[in-house]
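Here's the letter readout for the chains.
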Amino acid sequence: MSKASALHKTRILVVDDNASIHGDFQRILRAAPARTSLDEHEAELFGDIDAPRAAPAVELDVELTLAHQGEEGVELVRQARARGEPYAVAFVDFRMPPGIDGVETIHRIFAEDPDVQAVFCTAYTDLSWKEIANRLSRVDRYLILKKPFEPMEVRQMAAALSAKWRHERERAGAHAALLEREAHLRALLDAWPQELVRVDRHGRCHRVRPPQGIAAVAVPSSLEELVPPAEVARALDLVRRSIDQGASQRMEFSVEGAGGRRHVDVRITALGGERPEAIVSLTDVTELRQRQEEEGLLRER
């Protein structure tokens, strides 16, 4: 299997003390069981070791892991997250004597990996839905599947919950990237009161000069690292307008800093010569705006 396809494979965990249920999930989800050493010896004995194996009819690109007890399933989730290969969905039986029950299993699974989507598989339960919800609290993380279940129900739950898991991870990644860009911008503002860069019409940045007497921080590579995400389009439009028209442009934005909201004045001036670039200067005008607000309040009084 190629590395690219492995990245998109959905890892699903089944925790059930009934071996026949394991077989049902393998058939329903079209997961080809791993070839064991016994399989290899048998194939070699009967002379078909080189015969191509029939490919399963894949509807979901699933990597299935089977566990017989709740404690085993919790440990598998812990190990998978530690390796950076977390499970997307866990199908968990409600009763698994002599070990912990399904509610406790999912409770511990959520403690190890809060992103896992869970499904209770049960023919009967000793707890009401309210009691289950009170023990788990995260009602948006699990569904209940009654036994005997239909193959279509299992496939749909696996597909829908896997998609939900992927989308939530992508959204979390995008949010983390946004916070990182904002942190970089705050670092620029905290490092010195004025930043001067060259910007081309594609928004790529190049340092003009480092601030005097101040240790330089990482050079911003684009406008996305220089202004807040909501202001990138407007700043790029002003840069292009300045380059095309040879006229200076100006804008202002504010950003939350370590000491509160910071106000930044942006001035854009076309750079003459062969390079289609503009000089962009960012100046911290927080104190000036605060004084203006105070003067305005005094005038009103």
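Refer to the preceding data block for the structure.
Remember, it's a predicted structure, so these values are computed and weren't measured experimentally.

Rules used in this analysis
Residues numbered from 1 in each chain as written. Predicted model: local features only at pLDDT ≥ 70, side-chain atom pairs only at ≥ 80, totals over all residues. Heavy atoms only, no water. Axes fitted to C-alpha atoms, helices over the stretch in contact; angles between N-to-C directions. Helix = DSSP H or I, 4+ residues; strand = E, 2+ residues; numbered from the N terminus. Parallel < 35°, antiparallel > 145°, perpendicular 65-115°, else oblique. Left-handed = near helix turned anticlockwise from the far one by under 90°. Contact = heavy atoms within 4.5 Å. Nonpolar A, V, L, I, M, F, W, Y, C, P; charged D, E, K, R; others polar. Polar contact = N/O pair within 3.5 Å; in protein donor to acceptor, adjacent residues only side chain to side chain. Core = buried A, V, L, I, M, F, W, Y, C linked by side-chain atoms within 4.5 Å. Buried < 20%, exposed > 50% of the residue type's maximum accessible area, 1.4 Å probe, protein only. Salt bridge = Lys/Arg side-chain N within 4 Å of Asp/Glu carboxyl O. Expected span 1.5 Å × (residues − 1). Arc of directions from axis to C-beta. Pairing = 2+ DSSP bridges. Phe/Tyr/Trp six-rings, centres within 6.5 Å; stacked < 30°, edge-to-face > 60°. Patch = residues over 30% accessible without salt bridge, like charges linked within 9 Å, V, L, I, M, F, W, Y side chains within 5 Å. Areas by Shrake-Rupley, 256 points an atom, 1.4 Å probe, with all protein chains shown as cover.

A. Spotlight on the packing of helix α5 (residues 102-112) against helix α6 (residues 129-136). It is at 10 Å that the axes of α5 and α6 come closest, and there the two elements cross at 25 degrees. With respect to α6, the element α5 is oriented roughly parallel. Crossing geometry of α5 relative to α6 is assigned as right-handed. Residue-level contacts link Val 103, Glu 104, Ile 106 and His 107 of α5 to Ile 132, Arg 135 and Leu 136 of α6. Classifying every residue of the contact of α5 with α6 gives four nonpolar, one polar and two charged.

B. Region of interest: the environment of Ser 254. Here Ser 254 shows up in strand β8 (residues 249-257). Of the polar contacts made by the side chain of Ser 254, one reaches the side chain of Arg 261; its length is 2.7 Å.

C. Molecular detail of the nonpolar core. In terms of nonpolar packing, the biggest core is built from 22 residues, with Ile 109, Phe 120 and Tyr 142 touching the most fellow members. Elements that contribute at least two residues to this core include exactly β1 (10-15), α4 (70-83), β3 (89-93), α5, β4 (117-122) and α6. A per-element tally of this core places α5 first, with four residues. In this view, Tyr 142 contacts Phe 110, Ala 118, Phe 120, Ile 132, Ala 133 and Leu 136; residues no more than four positions away in its chain are not counted.

D. Looking closely at the pattern of salt bridges. Counted under the stated rule, the structure contains 19 salt bridges. The shortest N-O distance in the salt bridge between Lys 147 and Asp 16 comes to 3.1 Å. Of this pair, Lys 147 sits in the loop between β5 (142-146) and α7 (151-191) while Asp 16 sits in the loop between β1 and α2 (19-28), placing them 131 residues apart in sequence. The salt bridge involving Arg 141 is made with Glu 168; its shortest N-O contact spans 2.5 Å. One end of the pair, Arg 141, is in the loop between α6 and β5; the other, Glu 168, is in helix α7, with 27 residues separating them in the sequence.

E. Here's a closer look at α4. Taking 1.5 Å per residue, 14 residues should reach 20 Å; α4 reaches 20 Å between its end C-alpha atoms and fits that length. Turning to α4, its buried residues are Gly 70, Gly 73, Val 74, Val 77 and Ala 80. End-on, the buried residues of α4 take up no more than an arc of 130 degrees, which puts them together on one face.

F. Just the sheet that holds β1, in detail. Across the sheet, five strands lie side by side as β2-β1-β3-β4-β5; this open sheet has parallel pairing. Strand pairing shows two members of the sheet lacking a second neighbour, β2 (62-67) and β5, which therefore form its edges. On average, each strand axis in the sheet is inclined to that of its neighbour by 20 degrees, with strand direction left out of account. The sheet contact formed by β1 and β2 spans six bridges and is parallel. When the bridges of β2 are listed, Val 15 appears paired with Ala 67. Across the sheet, α6 touches β4 and β5, and the angle it forms with β5 is around 145 degrees.

G. Region of interest: the packing of aromatic side chains. Enumeration according to the criterion identifies four aromatic pairs in this entry. With centroids separated by 5.0 Å and ring planes inclined at 50 degrees, the aromatic side chains of Phe 25 and Phe 91 adopt a geometry described as tilted. Taken together, the residues span a long stretch of sequence, with Phe 25 in helix α2 and Phe 91 in strand β3 at a distance of 66 residues. You can call Phe 91 buried: its relative accessible area is 1%. The interplanar angle of 50 degrees and the centroid separation of 5.5 Å between the aromatic rings of Phe 25 and Phe 149 together place this pair among those described as tilted. In this pair, Phe 25 is assigned in helix α2 and Phe 149 in the loop between β5 and α7, connecting sequence segments 124 residues apart.

H. Summary view of a nonpolar patch on the surface. Together, Trp 129, Val 139 and Ile 144 make up a nonpolar patch on the protein surface, roughly 300 Å² of accessible area in all. Within the secondary structure layout, Val 139 lies in the loop between α6 and β5.

I. A look at the side chain of Ser 242. Considering the arrangement of structural elements, one finds Ser 242 in helix α8 (residues 232-245). Taking the relative accessible area as the measure of exposure, Ser 242 reaches 0% and is therefore buried. Setting aside chain neighbours within four positions, we find Ser 242 in contact with Ala 247, Ser 248, Gln 249, Ile 268, Thr 269, Ala 270 and Ala 278.

J. Structural detail: the side chain of Thr 10. By the secondary structure assignment, Thr 10 is in strand β1. Taking the relative accessible area as the measure of exposure, Thr 10 reaches 10% and is therefore buried. With residues up to four places along the chain from it excluded, the contact list for Thr 10 reads Asp 61, Val 62, Glu 63, Ala 88, Ser 162 and Arg 166.

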